[in-house]
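# Architecture and fold: a report
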Amino acid sequence: MFHSFFPQPKLFFSSGALWTVICIAVWYTVGPQMGAAVGLPPLGPDEKAPIGLAYFFSPDNLWFYLYFTVFVLAFGLFWKAIARNHPWTNWSIWGSAFIIFIAYFSVQVSVALNNWRGPFFDLFQAALSKQGNVTAAQLYTLQLRFLEIGLVGVVLNVVTAFFTNHYVFRWRTAMNDYYMSKWSKLRHIEGASQRVQEDTMRFANILEGLGVTLINSVMTLVVFLPLLFRMSEYVSDLPVIGAIPHALFWLAIAWSLFGTALLAFAGIKLPGLQFRNQRVEAAYRKELVYGEDHADRADPVTVRELFANVRRNYFRMYWHYCYFNVARYTYGQLDAIFLNFILIPTIVAGRITMGTWQQIATAFGEVSNSFQYLVNYWSTIIELLSIHKRLKAFEAAIEDEPLPEIDRRYLKRAAEEGELAANEP
C-alpha cells in the first residue's frame, strides 16, 4: 500500500514528521525575526490584519510562502537524492507538499473570514441598536471584502478537489501495478481480484477524504490555537470553575480530547467487526460465483452456512453501533451548547461584543473540530482500517508470511478439491 508509492515509507513519514516539528518550532521562535530580516515583518501588537483579498498578500503571509518553499525544497531534494529509482517520487514528495500547502491556504481563508467577522458584526450590532453613525456604504464595503475572500475559497476548493483526485488515483495506480507484478503469488488468495480492484479503489477514495481532512485539521490547529490563546483574554470567569488563565485554549483541548477518547472507547470493537464483515461477505460471494459455473458448488447447505455467518456478523455490528451511536450523538448535542454555556458569565458581564463573540465561536469551533477528527470521522476511519487489514493480509502472501486463518481455510479447501492444481499454468 505504501511502499508502492512512497520511498521507504517508515523513514519517509518519520523524517517528514520530525522535519515538520522543526519547521513549526523555528517558525514560532525565530520566524518573525527572520521575516523582518528579509523585509517581511509580522504585524505589530497594535496593527490589525487586512480584511479581504489584501490579507493573503500581507508581509507576514508572503514571508510564510517563502519560508514554506525553502523548507519543502530542502526536504524534497534530500529524498529525491535518496530515492532516485523510485517511479513515484514526483507525486509522493512534491504532490504531498502541494497538498499540505493548499491545506494551509484553506485554513488562511478561514482566518481571513474570522478577521472579517469582527468588524462586520460589530457594525451590524451597532446598526441594530442604533448606536453610532453606521452607514449602508460601510456594510456594503465589508460585504465586498467577504466576496473577495469567498472567491479565493472557491478557486482553492476547485484546485484542491482536482489535484487530490489525480494524486490519489496515482497512488491507486502504484498499488495496482505493484500487486499485478506479484499476481502469481496472489491469485490463489480468497477474493484476490476484489482486493486488487475494489479494495485499492476504496482505500484510495477514503484516503482522499480522510487524508486531506487530517492535514486541514493539523494546519487548523497550527494557525488557530495561537489565535484562541490570545482571544482567551476576553473570557473572565467560567461557570462552576471560576477564573482560569487562557481558559478557551485549555477548554477546547480538554473537551475535544474527552470526545475523542469517549468515541474511541465506545467504538473499539468496530474495526475488527468491519474487517470480518468484508471477509464473510467475500466468502459468500465467492461461493455464489463458483456456483455459476459448477453444479456441485453453492449447494443449499453451504450457502445457508455462509449466509448465517454474514447474518451473525451484521447483527453483532448493529449492537455495537447502537451504543457507539448513543455516545456519538449525545456528545454532539452537548458540543452544540458547550461554548455558549462557558461564555455565559463573560456575556453577562458585557466583556465582548457580537463581533468578538463571532470570532471566538469560529476559532473555538475550528480548534474543537480539528481535535475531534476521530469523533467526526470515526465510522470512515473504521472502514479504512478494515480495508487496511484486508490488504495487509493480502500482502502477507508477497512476503511469504503466514496468512490469516480465514485465508488458510480457503486455501486448504481449494487444495483438497484440486482447484489450485487445475489453475496452475
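Report on the accompanying structure. (Residues numbered from 1 in each chain as written. Predicted model: local features only at pLDDT ≥ 70, side-chain atom pairs only at ≥ 80, totals over all residues. Heavy atoms only, no water.)

### Some words on the overall build of the protein
Counting its regular elements, the protein contains 14 helices and two strands. In the protein, which comprises 425 residues, the proportion classed as buried is 43%. A separation of at least 24 residues holds for 80% of the contacts in the protein among residues at least 6 apart in sequence. As displayed, the protein has an accessible area near 22800 Å², and 65% of this comes from carbon and sulfur atoms. (Helix = DSSP H or I, 4+ residues; strand = E, 2+ residues; numbered from the N terminus. Buried < 20%, exposed > 50% of the residue type's maximum accessible area, 1.4 Å probe, protein only. Contact = heavy atoms within 4.5 Å. Areas by Shrake-Rupley, 256 points an atom, 1.4 Å probe, with all protein chains shown as cover.)

### What to know about the pattern of salt bridges
A full pass over the atoms with the stated rule returns one salt bridge. As a salt-bridge pair, Arg-145 and Glu-148 come within 2.9 Å of each other at their nearest N and O atoms. Taken together, the residues Arg-145 and Glu-148, both in helix α5 (residues 136–181) and three residues apart, mark about one turn of the helix. Residue classification places Arg-145 among the partly exposed positions, given a relative accessible area of 23%. On the basis of relative accessible area, Glu-148 is assigned to the partly exposed category, the value being 25%. (Salt bridge = Lys/Arg side-chain N within 4 Å of Asp/Glu carboxyl O.)

### Considerations on the environment of Val-367
In this fold, Val-367 is placed in helix α11 (residues 354–371). For Val-367, a relative accessible area of 0% corresponds to the buried category. As a C-alpha pair, Val-367 and Val-222 span 145 residues in sequence and 9.3 Å in three-dimensional space. Discounting chain neighbours no more than four positions away, the residues touching Val-367 are Thr-220, Leu-221, Phe-224, Leu-225, Leu-228, Ala-252 and Ser-256.

### Brief notes about the nonpolar core
Among the nonpolar cores identified, the biggest contains 55 residues, and Phe-56, Val-109, Phe-224, Leu-248, Ile-342 and Phe-364 are the most heavily contacted of them. Every element with two or more residues in this core is listed here: α1 (9–29), α3 (59–82), α4 (89–128), α5, α7 (192–231), α8 (247–266), α10 (300–348) and α11. Per-element accounting of this core gives the leading share, 13 residues, to α4. Looking at which domains feed residues into this core, each of domain 1 (1–188) and domain 2 (240–424) supplies at least three. The next biggest cluster of nonpolar side chains, apart from the first, holds 26 residues, and it includes Met-1, Ile-93, Met-175 and Ile-206. (Core = buried A, V, L, I, M, F, W, Y, C linked by side-chain atoms within 4.5 Å. Domains from an automatic or database assignment.)

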